[in-house]
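# Chain and residue survey
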Amino acid sequence: MNFSKLQPLGWSNYFLQQMALTDTLTENGPQPFRISAIYRDRIDAIGEQGEQKLMCPDHFQPVSQHLAVGDWVLARKRHEHLYIENILLAKNRIERYSGHEHQLIAANLDYLWIVTSANEDFNLKRLQRYLALAYEFSVEPVVILTKTDLGDKEAYLKQIRSLSISEVHAVCAHQVETLASLSAYFHPGNTIALLGSSGVGKSTLVNLVAKGDQLTREIRSDDGKGKHTTTSRQLFFSEQQVAFIDTPGMRELQLPGAAEGIKQVFAEIDALAYACKFSDCRHGEEPGCAVQAAITNGSLSEEQFAGYQKLLKEDAFLQRRDAGTYAMKQQQRAFAKMVHSHKKEKW
Ligand SMILES: Nc1nc2c(ncn2[C@@H]2O[C@H](COP(=O)(O)OP(=O)(O)OP(=O)(O)O)[C@@H](O)[C@H]2O)c(=O)[nH]1
Ligand SMILES: [Zn+2]
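Residues numbered from 1 in each chain as written. Chains lettered and ligands numbered in written order. Predicted model: local features only at pLDDT ≥ 70, side-chain atom pairs only at ≥ 80, totals over all residues. Heavy atoms only, no water.

What follows covers the UniProt feature "binding site: Zn(2+)" (unreviewed entry) in the chain. Under the UniProt annotation, the feature "binding site: Zn(2+)" (unreviewed entry) is placed at C276, C281, H283 and C289. Checked against the element boundaries, C276 lands in the loop between α9 (267-273) and α10 (290-296). Ignoring sequence-local partners within four residues, the contact set of C276 consists of C281, H283, G288, C289, A290 and V291. Looking at the element boundaries, C281 is found in the loop between α9 and α10. In this structure, C281 is in contact with C276, E286 and C289, ignoring residues within four places of it in sequence. (UniProt positions renumbered as here; feature names shortened; annotations may be inferred. Helix = DSSP H or I, 4+ residues; strand = E, 2+ residues; numbered from the N terminus. Contact = heavy atoms within 4.5 Å.)

Time to look at helix α6 (residues 202-209). Those residues of α6 not exposed but buried are K202, L205, V206 and V209. Along the axis of α6, the buried residues cluster in a sector spanning 95 degrees; they form a single face. Looking at the buried side of α6, the elements it contacts are β8 (111-117), β9 (140-146), β11 (191-195), β12 (234-237) and β13 (243-246). (Buried < 20%, exposed > 50% of the residue type's maximum accessible area, 1.4 Å probe, protein only. Arc of directions from axis to C-beta.)

Glancing now at the coordination of the zinc ion (ligand 2). Around the zinc ion (ligand 2), the protein contributes the donor atoms C276 (SG), C281 (SG), H283 (ND1) and C289 (SG), at 2.2 to 2.4 Å from the metal centre. Because the angles between the four donor atoms bound to the zinc ion (ligand 2) fall within 102 to 116 degrees, the donor set is best described as tetrahedral. Sequence spacing of the donor residues for the zinc ion (ligand 2), all on one chain, is C-x4-C-x1-H-x5-C. The exposure class assigned to C281 is buried, which follows from its relative accessible area of 11%. (Donors = N, O, S within 2.8 Å, 3.2 Å for Na, K, Ca; no water. Tetrahedral: all angles 85-135°; square planar, octahedral: opposite > 155°, others 65-115°.)

The amide bond that connects Q61 to the next residue, P62, takes the cis arrangement and shows omega of -10 degrees. Mapping P62 onto the fold places it in the loop between β3 (50-55) and α3 (63-66). Non-glycine residue H79 carries a positive phi angle of around 45 degrees. Here H79 is to be found in the loop between β4 (72-78) and β5 (81-87). The backbone of S138 sits at a positive phi, close to 60 degrees, despite the residue not being glycine. Relative to the helices and strands, S138 is located in the loop between α4 (124-136) and β9. Under the relative-accessibility criterion, S138 is labelled buried at 9%.

Below you can see the structure in the form of structure tokens.
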């Protein structure tokens with residue numbers, strides 16, 4: 001195996017350490033692949049030899065709950081087909097709650113580009129949800145305001161800056177110079193996933209900044225472009241050796257148990273709560289509530305507080321509803337967070 005060939009695909013020591021030493025030394029052992037697309041009846045991945053189709057055994061079904069685009073797997077050849085044997089523990093994975101199940105969106109990310117447009121589709125509350133998702137799953141969020149030719153850019157930026165986020169960019173597809181600052185994220189081996197509502201301009205953006213290779217176009221034409229089968233999310237590598245994951249637009253995002261992430265989005269309220277008289281203060285009628293005091297003196301808006309409570313309430317409801325799987329997920333996330341603190345250790 002020539003592992004250095006895998007580095008531009010996002011491979012690192014973190015994954016190598018998960019392989020048995022014997023497997024790393026033989027030619028017949030399982031080989032690492034990065035999942036690039038998941039369809040109902042097919043899984044595509046990229047490995048040392050380029051693109052391959054992988055077969056997924058029954059114990060990893062349904063695929064959408066076991067495997068995410070961006071995951072690293074080990075697969076072994078048997079009777080002409082490559083079978084997935086192991087899914088390597090991801091550095092991070094983002095998921096959402098959809099209908100009645102947790103659905104994996106993408107794995108092993110360095111940045112989450114949260115894309116939102118400067119027109120009537122703009123929605124600060126939705127943005128807060130996306131941010132909570134990024135924080136919850138330990139992925140660095142970057143907010144990108146698109147279509148600045150269509151609206152009052154400064155007014156939207158002002159709203160975005162009210163959130164606890166430092167990485168914000170405003171771009172327009174018709175003015176390429178506005179895209180230049182995004183190249184700061186293009187380190188070889190990095191992975192960037194784009195998330196945002198349908199039509200905000202994710203695909204347009206990716207096509208402009210990532211000098212895409214042939215692979216992308218093939219994958220896109222394959223699923224009839226745009227009208228995605230719901231389980232598919234595609235990863236491709238740009239000329240800059242950056243992996244991009246363009247997710248299909250979502251009408252709404254339901255958070256999959258993300259209380260920690262929500263608290264980070266509303267860091268201001270969370271900080272105030274430390275000053276409440278009671279440590280379990282619910283910030284209602286209790287005496288000595290610092291949050292209510294801040295609302296009274298005007299330093300915290302009632303609307304902001306209501307948004308915070310609404311998200312936490314929804315989150316608690318979902319947690320109660322699937323208490324069992326939730327506990328397991330929390331363990332996995334705690335582990336991913338620990339890993340995250342060592343994340344910058346690449347090769
Ligand atoms: N005016 C203007 N239109 C834009 C800009 N960027 C993208 N668009 C248009 O917005 C529409 C939607 O863009 P897409 O890139 O397909 O949006 P998307 O987010 O990938 O949509 P989904 O694939 O449905 O998730 C297209 O008609 C684009 O031409 C921009 O900066 N300004
Ligand atoms: Zn309080």
